[in-house]
Amino acid sequence: MTDLDVRDVAAMRRQGDFAQYLQQARADEARANARRKQLVYRHADLVDQLRLLGQDPWNGRIPPAEWGGAINTSPVRAALIAIVAEAEQRSADTAGAAA
């Protein structure tokens, strides 16, 4: 989801667009989660890393960068980002080798 402020939300509500925006944002997030999950679950060693974090089964979601107005410094979030980055790198390497 993009960063919205109260003025954006108020304007969308006045225009009747807010519900549609939320529906689209949730659908986009669900697709991104599914893509990340699919990438990670292709690799048994990455799934093992998820297990060590207590995140298996995992739905592909990465917690937000900010939470409650503060930067999210969770080590679990950082580890999930690293796991996904590794899966994406492996996918890019495989795609490059196939070309």
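Shown above is the structure to which this text applies.
Quantities reported herein were computed from a predicted structural model and do not represent experimental measurements. Chains are numbered independently. Their residues run from 1 in the order of the written sequence. Local features in a predicted model are, by the rule used here, given only for residues with pLDDT of at least 70; side-chain atom pairs are given and counted only at 80 or more, and totals for whole chains, interfaces and linings are based on all residues. Hydrogens and water molecules were not included; the side-chain quantities draw on all heavy atoms of the structure.

A. Quick look at the overall build of the protein. Strands here mean DSSP runs of E at least two residues long; helices mean DSSP runs of H or I at least four residues long; both are numbered from the N terminus. The helix and strand inventory of the protein stands at 4 helices and 2 strands. Secondary structure elements of the protein occur, N-terminal to C-terminal, as α-α-α-β-β-α. Radius of gyration here is computed from C-alpha atoms only, and the compact-globule reference equals 2.2 Å multiplied by the residue count raised to the power 0.38. For 99 residues, the compact-globule formula gives about 13 Å, and the C-alpha radius of gyration of the protein, at 17 Å, lies well above that figure. Each principal axis of the C-alpha atoms in the protein carries an extent, and together these give about 50 × 35 × 20 Å. The rule is simple: take the accessible area with a 1.4 Å probe, protein chains only, and divide by the maximum for that residue type; under 20% is buried, over 50% is exposed, in between is partly exposed. Residues counted as buried form 21% of the 99 residues belonging to the protein. The long-range share in the protein, meaning contacts at least 24 apart out of those at least 6 apart in sequence, stands at 43%. For the protein, the exposed surface amounts to about 7,000 Å²; the carbon and sulfur share of it is 54%. Any two residues whose heavy atoms approach within 4.5 Å at even a single point are treated as in contact. For the accessible areas, the method is Shrake-Rupley and the probe is 1.4 Å, while residue cover comes only from the protein chains on display.

B. Molecular detail of the packing of aromatic side chains. Planes of paired rings set the category: under 30 degrees apart is stacked, over 60 is edge-to-face and the rest tilted, where pairs are Phe, Tyr or Trp rings (Trp by its six-membered ring) whose centres lie within 6.5 Å. One pass over the full model with this rule turns up 0 aromatic pairs. Cation over ring: lysine 37 sits above tyrosine 41, and NZ or CZ is 5.8 Å from the ring centre. Here, over-ring charges are defined by two tests on the NZ atom of lysine or the CZ atom of arginine: distance to the ring centre within 6 Å, and angle to the ring normal within 35 degrees.

C. View of unusual backbone geometry. Between aspartate 56 and the following residue, proline 57, the backbone shows a cis peptide bond with an omega angle of 10°. Within the secondary structure, proline 57 sits in the loop between helix 3 (44-53) and strand 1 (66-67).

D. Highlighting the nonpolar core. In these notes, a set of buried Ala, Val, Leu, Ile, Met, Phe, Trp, Tyr and Cys residues joined through side-chain atoms within 4.5 Å is what counts as a nonpolar core. In terms of nonpolar packing, the biggest core is built from 9 residues, these being Leu39, Val40, Leu46, Leu50, Trp58, Leu80, Ile83, Val84 and Ala87. Every element with two or more residues in this core is listed here: helix 2 (18-40), helix 3 and helix 4 (75-98). The element contributing the most residues to this core is helix 4, with 4 residues. In this structure, isoleucine 83 is in contact with Val40, Leu46, Gln49, Leu50 and Leu53, ignoring residues within four places of it in sequence.

E. Spatial organisation of the side chain of histidine 43. Relative to the elements of secondary structure, histidine 43 occurs in the loop between helix 2 and helix 3. Those residues in contact with histidine 43, other than ones at most four positions away along the chain, are Ala87 and Arg90.

F. Highlighting helix 2. With 23 residues, helix 2 should cover 33 Å at 1.5 Å per step; its first-to-last C-alpha distance of 33 Å lies within 8% of that length. Residues of helix 2 that are buried include every one of Phe18, Leu22, Ala25, Asn33, Arg36, Leu39 and Val40, and no others. Residue count minus one, scaled by 1.5 Å, sets the expected span of a helix.

G. Examining the pattern of salt bridges more closely. What makes a salt bridge here is a side-chain nitrogen of Lys or Arg within 4 Å of a carboxyl oxygen of Asp or Glu, nothing more. In total, this model carries 7 salt bridges according to the counting rule given. Put simply, arginine 61 and glutamate 29 hold a salt bridge, and the shortest N to O gap is 3.9 Å. Taken as a pair, arginine 61 in the loop between helix 3 and strand 1 and glutamate 29 in helix 2 lie far apart in primary sequence, 32 residues in all. For arginine 61, a relative accessible area of 34% puts it in the partly exposed group. For glutamate 29, a relative accessible area of 35% corresponds to the partly exposed category.

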